[in-house]
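Next come the chains, spelled out residue by residue.
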Amino acid sequence: MADLTITAANVVANSNATRDIGTAGETIVAGKPIFLNAATSKWMLSDNNGTGTRQVHGIALNGASLNQPVSMIKSGDLTVGSVLTAGTDYWLSATAGGICPRADLATGMDTIQIGVAKSATVLTVAVQDPGVTL
C-alpha cells in the first residue's frame, strides 16, 4: 500500500469538526497532518521519520506558506479528498505530511493513529498517540 493521494482542493471539514487556526512554520498543503512546534509556536508537517515531528495535532484545511495563517481540523469528520476504505484505520506515515494505512507502519515508527474511514470519502479524525514505537 502507499500514502493517501489527497486532492487539496477537495479537503473540507464537516459540520461536527473541531477546528483551530495558527501560523505556518513551513509550506503546508491541505490534507496534511501537522503539529504545533513548541519552540516556534508555528504549525509544521508531522513526520514519523523525524526527530520532534512524530506528533499530530490536526489536519491542515488549507494551503499556507511560511508565516501565513493555516486552519486545521483537530477532531470530527473530514472529507479528505482521497479514496478511502470504509472501516480502515489511517496513521501518520514516514513521509512528512503523509497518511497511510496501518499495514504501512514499519519498525522504528511511532503508532500515531489519525482516524478511521467512515466512508470512501470521509475520515473521522480522532488522533491517538499511545507513545509506542514499533
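Check the entry above for the structure.
Below, the structure is looked at part by part.

Conventions used here
- Residues numbered from 1 in each chain as written.
- Predicted model: local features only at pLDDT ≥ 70, side-chain atom pairs only at ≥ 80, totals over all residues.
- Heavy atoms only, no water.
- Helix = DSSP H or I, 4+ residues; strand = E, 2+ residues; numbered from the N terminus.
- Contact = heavy atoms within 4.5 Å.
- Areas by Shrake-Rupley, 256 points an atom, 1.4 Å probe, with all protein chains shown as cover.
- Lys, Arg positive; Asp, Glu negative; His and termini not counted.
- Charge placed at Lys NZ, Arg CZ, Asp CG, Glu CD.
- Buried < 20%, exposed > 50% of the residue type's maximum accessible area, 1.4 Å probe, protein only.

### Overview of the overall build of the chain
Right, so step 1: Looking only at helices and strands, the chain has zero helices and 10 strands in total.
Right, so step 2: Secondary structure elements in the chain, listed N-terminal to C-terminal, are β-β-β-β-β-β-β-β-β-β.
Right, so step 3: Overall, the chain is about 35 × 35 × 20 Å in size when its C-alpha atoms are taken along their principal axes.
Right, so step 4: For the chain, contacts bridging at least 24 residues in sequence account for 60% of all contacts bridging at least 6.
Right, so step 5: As displayed, the chain offers around 6,200 Å² of accessible surface, 53% of which is attributable to carbon and sulfur atoms.
Right, so step 6: Here the chain holds 7 positive side-chain charges and 9 negative ones, and the gap between their average locations is 6 Å.

### Considerations on unusual backbone geometry
Right, so step 1: In the Ramachandran plot, Ser41 falls in the positive-phi region, its phi being about 60 degrees despite a non-glycine side chain.
Right, so step 2: By the element assignment, Ser41 lies in the loop between β3 (33-37) and β4 (42-45).
Right, so step 3: Owing to a relative accessible area of 52%, Ser41 belongs among the exposed residues under this scheme.
Right, so step 4: For Asn67, which is not a glycine, the phi torsion comes out positive at approximately 70 degrees.

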